[in-house]
Amino acid sequence: MSNMSPMYALCLVAAVCCGEACCSSCPVLECWFVQEKTGRGGGLAAATTLEKSLLHIQTDPHPAESQQAPSDIHPDRVYLITDPAGTLCHRSLNPPRGSVEKPQCEINPFLPQPSTLKWASPLTDSASSPIYLQAHWFSTALQGLNGQLAVSTITRAPTATKEHKVILSVTTTTVSVQSRLGGPVLLDCGFWADPSSPLSGSGFAVEWRYQFRGEGRLVLAYDGKTDRLADVQEEGATLDYEGLHQRGNASLILREAEVRHSGLYICTVYLPHLVAQVTMELQVVEPPSLSIHPSPLPLAVPGQSLTVQCEASGFAPLALELSWEFKGSDGRSRPLGSGSLTGHRQAWDGTYSQSTRLELDSTQLDLGPGGELTCVAVHLGGPRRASVALNVIGFSSPSIEDSMAMVGVALVLYGLIKFVSWTVTSSGSDEAGQQEKKDK
């Protein structure tokens, strides 16, 4: 037995360490508590107060332990939040100890009220509020590190306590999405409702809205209580309805990305008296196609001015940088500037085009005997290049090898001319001799 005691001790230490690791897997979140000041009227916007708060997250409803609040946080702003789904224990919300970057967190008082959706059937059976709503309700919005996760939760705490429980959570792992033109797009949105809450068994509704530069539209809306879609639905947008009912998968699927789809998307989930939403940004990106005109370039002579145009077409979004480069016969590259840029033109599919024109003077630009002219485009979809050969003739005196070759060609031509001349002369002499014999 004494031989087993060291092993038993090691196992006990390992179990304790494992238990501590499991308990510490959920974060302690620093948050801003935001609420409106009371007693302000006159039609003015209500002022808000900001207070630092601390959220202790756990997945099991353990009894609250006394937590000493930091000196800059009031003890009334320290909360214990139980999240049975474990959404708030995501790694992006739990940075390493001592990390400079922190998750973004904001908590607000929340007032439950019946949902009034024109396109959905009432989620509440009566106009009266259940006793269950007589509690402290908070709405919390969080964003993880590096945009990995965005969460919106509705929590409830019995009156006179600070022990909250998540009743509804809406999440997305696609806070920022880029997609190529024409490809399918998946905007992630999932929700979880506490099955022990009396608000989770009376149906739900999901709404997707689009916003861009102050304009918005309804993309898709689904009434889970009656299994019915709203009359307004954008073409090519759909949901996984089976996954929506079974797993709370409310992700939006766009079958074919178009330029007009770029913008902000809002996924909103409604329960009786509760609502939570997350936002995400979609950017449809398509790199430009480059073409140079004329191609190939005509031969140039020293002092001649040559106009070259490069056209970038079929790109999105709008931002684009065009420039020119020249690589000489020595292999060295040098910039030639952006040339004369035209304005943007928009095609029927929403993509853009733009051109740049370059005036080439072989003398002023010191192009030598020529080289490679390149049009360079820098775009969010990636850099693009298009090149064309430039040849300048008569640039310098011939080299020794060229001179020797020219002498050789001249000698050959001279010999050929002499041979033809000798042949013609000899044939003429023969004809003259024959004529003299006939006369005699």
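If you walk across this open sheet you meet the 3 strands as β9-β15-β14, and the pairing is antiparallel. Either end of the sheet is taken by a strand with one partner, and the two such strands are β9 (185-187) and β14 (237-239). Averaged over all pairs of adjacent strands, the angle between their axes in this sheet comes to 25°, without regard to strand direction. Sheet analysis places β14 next to strand β15 (residues 252-254), joined by 3 bridges and oriented antiparallel. Each bridged residue has a counterpart across the sheet, and for Thr238 the counterpart in β15 is Ile253.

In this section: the state of the cysteines. This structure, assessed with the given rule, holds 4 disulfides. Here Cys31 is linked by a disulfide to Cys105, with a sulfur-sulfur distance of 1.8 Å. Measuring the twist about the S-S bond at about -75°, one finds the Cys31-Cys105 disulfide to be left-handed. Of the two residues, Cys31 is situated in strand β1 (residues 28-36) and Cys105 in strand β4 (residues 104-109); the sequence distance between them amounts to 74 residues. Here the two residues Cys31 and Cys105 agree in accessibility, since each one is buried. Between the sulfur atoms of Cys310 and its disulfide partner Cys375 the distance amounts to 2.1 Å.

Looking now at the confidence of the model for the protein chain. Across the protein chain, the average pLDDT comes to 83, with 80% of residues at or above 70. Contacts of residues 1-24 to residues separated by more than four positions or lying in other chains number 1 contact, the stretch itself having pLDDT below 50.

Further remarks concern a nonpolar patch on the surface. Among the surface-exposed residues, Leu416, Phe419, Val420 and Trp422 lie close enough to one another that they form a single nonpolar patch of about 470 Å² accessible area. For Phe419, the position within the fold is in helix α3 (residues 400-439).

What follows is about the nonpolar core. One finds Trp137, Leu187, Trp208, Leu252, Tyr265 and Leu274 to be the most contacted residues of the largest nonpolar core, which totals 40 residues. When residues no more than four places from it in sequence are discounted, the contact partners of Leu187 are Thr174, Val177, Trp208, Ser251, Leu252, Tyr265, Met280 and Leu282. Counting residues in hydrophobic clusters, the runner-up holds 22 residues, among them Cys310, Trp324, Tyr352 and Leu358.

Buried residues dominate strand β16 (residues 263-271), accounting for 8 of its 9 residues. Bridging between strand β11 (residues 205-212) and β16 involves 7 bridges; their strand directions are antiparallel. Residue pairing for β16: Val206 is matched across the bridge by Val269. The pairing of β16 with strand β17 (residues 274-285) spans 9 bridges and is classified as antiparallel. Considered in β17, the bridge of Tyr265 is made with Met280.

This structure, assessed with the given rule, holds 9 aromatic pairs. Both rings, one in Phe33 and one in Phe138, keep their centres 5.5 Å apart while their planes meet at 75°; by these two values the pair is edge-to-face. Note that Phe33 is positioned in strand β1 and Phe138 in strand β5 (residues 136-143), a separation of 105 residues in sequence. The residues Phe33 and Phe138 share a single accessibility class, namely buried. For the pair Tyr132 and Trp137, a centre-to-centre distance of 5.9 Å together with 70° between the ring planes defines the contact as edge-to-face.

Moving on, we come to the sheet that holds strand β20 (residues 321-328). The sheet built from 4 strands is open, its strands ordered β21-β20-β25-β26 with antiparallel pairing. If you trace the sheet from one side to the other, it starts and ends with β21 (333-337) and β26 (384-391), each paired once. When strand polarity is set aside, the average angle formed by the axes of neighbouring strands in this sheet is 25°. With 8 bridges connecting them, β20 and strand β25 (residues 370-378) associate as antiparallel partners. Following the sheet pairing, Phe326 is matched in β25 by Leu373.

With 8 bridges joining them, β11 and strand β12 (residues 215-223) adopt antiparallel strand pairing. Paired with Glu207 across the bridge in β12 is Ala221. The hairpin turn running from β11 into β12, its antiparallel successor, is 2 residues long, and Arg213 in that turn takes a positive phi close to 50°. As defined by bridge partners, β12 adjoins strand β13 (residues 228-229) across 2 bridges and the pair is classed as antiparallel. Note that in β13 the partner of Tyr222 across the bridge is Leu229. Here β12 folds back onto β13 in antiparallel fashion, the turn holding 4 residues, of which Asp227 has a positive phi close to 55°.

How each quantity is defined
- Residues numbered from 1 in each chain as written.
- Predicted model: local features only at pLDDT ≥ 70, side-chain atom pairs only at ≥ 80, totals over all residues.
- Heavy atoms only, no water.
- Pairing = 2+ DSSP bridges.
- Helix = DSSP H or I, 4+ residues; strand = E, 2+ residues; numbered from the N terminus.
- Axes fitted to C-alpha atoms, helices over the stretch in contact; angles between N-to-C directions.
- Disulfide = S-S within 2.5 Å.
- Buried < 20%, exposed > 50% of the residue type's maximum accessible area, 1.4 Å probe, protein only.
- pLDDT = per-residue confidence, 0-100.
- Contact = heavy atoms within 4.5 Å.
- Patch = residues over 30% accessible without salt bridge, like charges linked within 9 Å, V, L, I, M, F, W, Y side chains within 5 Å.
- Areas by Shrake-Rupley, 256 points an atom, 1.4 Å probe, with all protein chains shown as cover.
- Salt bridge = Lys/Arg side-chain N within 4 Å of Asp/Glu carboxyl O.
- Core = buried A, V, L, I, M, F, W, Y, C linked by side-chain atoms within 4.5 Å.
- Phe/Tyr/Trp six-rings, centres within 6.5 Å; stacked < 30°, edge-to-face > 60°.

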